[in-house]
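Okay, here's what each chain looks like letter by letter:
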Amino acid sequence: MLNADQPDIHWGENLALTMPARNDTEDDDSGRRLHDIFIRRRLSALFQPVVTLAGADVYGYEGLIRGPADSPLHAPPALFEAARAHDLVVEIEHLCRQVVLEAYARHALPCKLFLNVSPQCLVRHNSRSGATLRYIDKLGLDARNVIIELTESSPAFDYELLLEAVRHYRGMGFQIAMDDLGEGFSSLRLWSELRPDYVKIDKHFIHGIDQDAVKLQFVRSIQQIAENAGCRVIAEGIETAAELAIVRDLHINYGQGFFFGRPQPEPGRELEAAAVRALHSRRVGVFPTATAPAQQQATVTKLLSYVEPVTPRTSNDAVFSLFEADASLYSLPVVHDGVPVGLISRYSMIDGFARPFRRELYGRRSCECFMDTRPLIVTHCMSLHALSDLITDMEPHHLSNGFIITTDDGRYLGLGSGHALLREITQMQLHAARYANPLTLLPGNVPINEHIDRLLKRGARFWTCYADLDNFKPYNDHYGFRKGDELIQFASRLLSEATHPERDFVGHIGGDDFMLLFQSEDWEGRCQAVLKRFAAGVADFYHAADWARRGIEAEDRKGRKTWYGLISLSIGVVLVEPGAFGSHHEVAAAATVAKKQAKEMPGNAIFLERRQYQSGTERHTPEGGCALAP
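Rules and cut-offs
- Residues numbered from 1 in each chain as written.
- Predicted model: local features only at pLDDT ≥ 70, side-chain atom pairs only at ≥ 80, totals over all residues.
- Heavy atoms only, no water.
- Helix = DSSP H or I, 4+ residues; strand = E, 2+ residues; numbered from the N terminus.
- Expected span 1.5 Å × (residues − 1).
- Contact = heavy atoms within 4.5 Å.
- Buried < 20%, exposed > 50% of the residue type's maximum accessible area, 1.4 Å probe, protein only.
- Pairing = 2+ DSSP bridges.
- Arc of directions from axis to C-beta.
- Axes fitted to C-alpha atoms, helices over the stretch in contact; angles between N-to-C directions.
- Phe/Tyr/Trp six-rings, centres within 6.5 Å; stacked < 30°, edge-to-face > 60°.
- Lys NZ or Arg CZ within 6 Å of the ring centre and 35° of its normal.
- Parallel < 35°, antiparallel > 145°, perpendicular 65-115°, else oblique.
- Nonpolar A, V, L, I, M, F, W, Y, C, P; charged D, E, K, R; others polar.
- Polar contact = N/O pair within 3.5 Å; in protein donor to acceptor, adjacent residues only side chain to side chain.
- pLDDT = per-residue confidence, 0-100.
- Salt bridge = Lys/Arg side-chain N within 4 Å of Asp/Glu carboxyl O.

1. Quick word on helix α1 (residues 29-40)
Consideration 1: Compared with an ideal rise of 1.5 Å per residue, which puts 12 residues at 16 Å, α1 spans 17 Å between its outermost C-alpha atoms and is within 8% of the ideal.
Consideration 2: Buried residues in α1 make contact with α2 (76-85) and α3 (89-107).
Consideration 3: Arg41 occupies a position one or two residues after α1 and carries a positive phi of about 50°.

Following this line, the structure appears as structure tokens:
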């Protein structure tokens, strides 16, 4: 229960009258300044808009406070630090809220007010008499338009007491918001306990979200949790159009930040034209992609399989019997006092016993005589990639025999097999290639398809460009995979440099195929620049004699010697109008047709498909497409 004996400072009272008397002999500058602020009520309210991202209108304002402009206590951190030093946090909070409420009432704003309250103050001064509600009524405000925004980073509060206080205020018509999710006390546990109506994501996770895949994933996860919890999300700290585009495309409900307006004493009722244009734009932000998928951080623990060890005193006959009883047992660890000392391979044991009289001679002896005294021993926290590199540099038998897995302090945990390692590495590479091509680190098929679907859903107008290298396979066969990889990386670099990082997307489908998704209106000039740079740079990938002959002679698919010209770059282009395609499958199919047309043209070429597509069907104009010469 709330403590009914604690003093209750009503918002309707003159808080200066509750200010403790100042000690005149006290030589404390901050104390004198605080006393002056209370006596003269020298605080001012500022308001920053909270914007509906889907509707491009002002949803509400967060009420902020400033101290006297000519005082070191002007900024809120300094003001509250001084209040804490003099044990006056509760009093200063109440005065701040009184000033904000009065200013909000004077402006007669028709929307929501986000009112900052610390959990400690909410718990300690939960109004028993309804003075809070009466004061709001006296100002002509509606409690249903006031949102109590829980602030402050201190974790020192009682959950049960806070829940009771929240229920109390909700019963009076107030809504609840949690501030700075991801910072301080605003933990996921508190979110699940309080079930707030709004959650504000800390500005740290919004700043640079268009360039940071980890921040993107954090905000995306919060939005998914909020949808399941029936909670609305507010992204704080939006400062650029690029950040706004990402936040909006994650379907975040509301936004707040300098991009929409700075805190002002006179709150603007309408957004500035630049912000409205950005909110109404159909342009889709480009999600940053992680270059190191989480799967690459998998550790040896994933390979752990417990095998009952034997001791150095175990006989060879006993070890042989264990191998005979279990055909799947490839190795046996030898452990002394919990620490591994060796590894016995199934094949070395069976091979040794197969020789004449070996079992009779060695059967009753210690298994140490068949034990590998220098097995591969790794800790459970080693990454799979590090283990793979380690085994590659060691003797081949470690891959077939397997390896011992230990704790950090060298205690035996179990065994891992080379087969399991290869399986996991292969799966990780396949998974990673779907999200990021390992050769170019460009987004793979999954991000490409996701971005196309986002563009379609948003109703954006964009150009899909399918880029492919001509005569690449014979070049790769003739010059080798290393030169082929370098050529693909060269093309990747040119295509990436041709795209605008905030508007355009480039992905690597696989091999020598790339997909570009342009929202830039000057897409054609960008593609022409790529072709010119490619034509100028491809000479570096040929021997002088082959370049002089303008091609190479190589075997075709049937083994016949065939002449192939120099490698060129072909780009098939499809303009995607809003509503023309239903999915990324349809867009990809149309782009494939355009690419084939481009490859039929000699040299470096662009083919713009001029067919008109509509919801999976196509209508032919008199000209199916046009070639755009570089």
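2. Re the pairing of strand β12 (residues 403-406)
Consideration 1: Burial of the side chains of β12 extends over both faces: Phe403 and Ile405 are buried on one face and Ile404 and Thr406 on the other.
Consideration 2: By the bridge criterion, 3 bridges tie strand β11 (residues 377-379) to β12 in an arrangement that is parallel. By the bridge assignment, Val378 is partnered in β12 with Ile405.
Consideration 3: Sheet topology places β12 next to strand β13 (residues 412-416); 4 bridges connect them, and they run antiparallel. Looking at the pairing, Ile404 lines up with Leu415 of β13.
Consideration 4: The loop that links β12 with its antiparallel partner β13 comprises 5 residues; one of these, Gly410, has a positive phi angle of about 85°.

3. Some thoughts on helix α12 (residues 346-354)
Consideration 1: Along α12, the residues that are buried comprise Arg346, Met349, Gly352 and Phe353. Along the axis of α12, the buried positions cluster into a sector of 145°, meaning they face one direction only. Residues of α12 that are exposed and point more than 90 degrees away from the buried face comprise Tyr347 and Ala354.

4. Some thoughts on the sheet that holds β11
Consideration 1: Spatial ordering of the open sheet is given by β11-β12-β13, a layout of 3 strands whose pairing is mixed. In the strand order of this sheet, the two ends are held by β11 and β13, each with one partner. Between one strand axis and the next, the sheet turns through 35° on average, direction left out of account.

5. Concerning the packing of aromatic side chains
Consideration 1: Tallying each qualifying case throughout the model produces 19 aromatic pairs.
Consideration 2: Ring centres of Tyr169 and Phe174 lie 5.7 Å apart, and the angle between their planes is 65°; on these two criteria the pair is classed as edge-to-face.
Consideration 3: Aromatic pair Tyr542 and Trp547: ring centres 6.0 Å apart, planes at 45°, arrangement tilted.
Consideration 4: A residue is classified by how much of its surface remains accessible, and Trp547, at 25% relative accessible area, is partly exposed.
Consideration 5: Over the ring of Phe258 we find Arg262; its NZ or CZ atom is 3.9 Å from the centre of that ring.
Consideration 6: Of note, Arg550 hangs over the ring of Trp547, and the distance from its end group to the ring centre comes to 4.5 Å.

6. Some points on the pairing of strand β2 (residues 57-66)
Consideration 1: For β2, a buried count of 8 out of 10 residues is recorded, marking the element as mostly surrounded by other parts of the structure.
Consideration 2: Once strand β1 (residues 44-52) ends, the chain turns through 4 residues before running back antiparallel as β2, passing Ala56 with a positive phi of about 55°.
Consideration 3: Bridge analysis of β2 against strand β3 (residues 112-117) gives 4 bridges, and the strand direction is parallel. Looking at the pairing, Glu62 lines up with Phe114 of β3.

7. Some points on the packing of helix α18 (residues 472-479) against helix α19 (residues 481-497)
When two helices pack together, their arrangement is given by the angle between the helix axes and by the axis-to-axis distance.
Consideration 1: At a closest axis distance of 6 Å, the pairing of α18 and α19 adopts a crossing angle of 135°. Comparing the axis directions of α18 and α19 gives the class oblique. Facing α18, whose interface residues are Phe472, Tyr475, Asn476 and Tyr479, α19 presents Phe481, Lys483, Gly484, Leu487 and Ile488.
Consideration 2: By residue class, the composition of the contact of α18 with α19 is 6 nonpolar, 2 polar and 1 charged.

8. What about the side chain of His451?
Consideration 1: Summarising the element assignment, His451 is placed in helix α17 (residues 445-458).
Consideration 2: In contact with His451, other than residues within four places in its own chain, are Val284, Gly285, Val286, Phe505 and Leu517.

9. Quick notes on the side chain of Asp470
Consideration 1: With respect to the helices, strands and loops of the structure, Asp470 is situated in strand β14 (residues 462-470).
Consideration 2: Exposure remark for Asp470: the relative accessible area of 7% places this residue in the buried category.
Consideration 3: Within the structure, Asp470 has its side chain in polar contact with the side chain of Ser568 (distance 2.7 Å).
Consideration 4: Polar contacts involving the side chain of Asp470 include one to the side chain of Ser570, which spans 2.6 Å.

10. With respect to the confidence of the model for the chain
Consideration 1: Here the chain shows a mean pLDDT of 85. Residues at 70 or above account for 87%.
Consideration 2: For residues 1-17, every residue scores under 50 in pLDDT, and the model assigns this stretch 43 contacts once sequence neighbours within four places are set aside.
Consideration 3: Contacts for the low-pLDDT stretch residues 291-295, under 50 throughout, to residues beyond four places or in other chains number 4 contacts.

11. Re the pattern of salt bridges
Consideration 1: The tally for this structure, following the rule as stated, stands at 26 salt bridges.
Consideration 2: Asp29 is the partner of Arg33 in a salt bridge, and the nearest nitrogen-oxygen pair spans 2.7 Å. On the criterion of helical spacing, the pair formed by Arg33 and Asp29 is a turn pair, its members being 4 residues apart in helix α1.
Consideration 3: Among the residues examined, Arg33 registers a relative accessible area of 28% and is labelled partly exposed.
Consideration 4: Asp29 sits in the partly exposed class, given a relative accessible area of 39%.
Consideration 5: Each of Asp36, Arg40, Arg42 and Asp70 takes part in salt bridges that share partners, so that together they form one network.

12. Observations regarding the sheet that holds strand β7 (residues 232-235)
Consideration 1: Strand order in this closed barrel of 8 strands is β1-β2-β3-β4-β5-β6-β7-β8, and the pairing throughout is mixed.
Consideration 2: As defined by bridge partners, strand β5 (residues 175-181) adjoins strand β6 (residues 198-201) across 3 bridges and the pair is classed as parallel. Following the sheet pairing, Met178 is matched in β6 by Val199.
Consideration 3: Against the sheet, α3 touches β1, β2 and β3, its axis set at about 170° to β3.

13. Quick look at the environment of Ile246
Consideration 1: Among the secondary structure elements, Ile246 is positioned in helix α9 (residues 241-249).
Consideration 2: Relative accessible area serves as the criterion here: at 1%, Ile246 is assigned to the buried category.
Consideration 3: Between the alpha carbons of Ile246 and Leu216 there is a distance of 8.2 Å; along the sequence they are 30 residues apart.
Consideration 4: Among residues more than four places away in sequence, those in contact with Ile246 are Ile209, Asp210, Leu216, Gly285, Val286 and Phe287.

14. Considering unusual backbone geometry
Consideration 1: Positive phi outside glycine occurs at Asp87, with the angle close to 55°.
Consideration 2: Structurally, Asp87 is set in the loop between α2 and α3.
Consideration 3: Among the residues examined, Asp87 registers a relative accessible area of 65% and is labelled exposed.
Consideration 4: The backbone of Arg195 sits at a positive phi, close to 50°, despite the residue not being glycine.
Consideration 5: Position of Arg195 relative to the elements: it lies in the loop between α7 (188-194) and β6.

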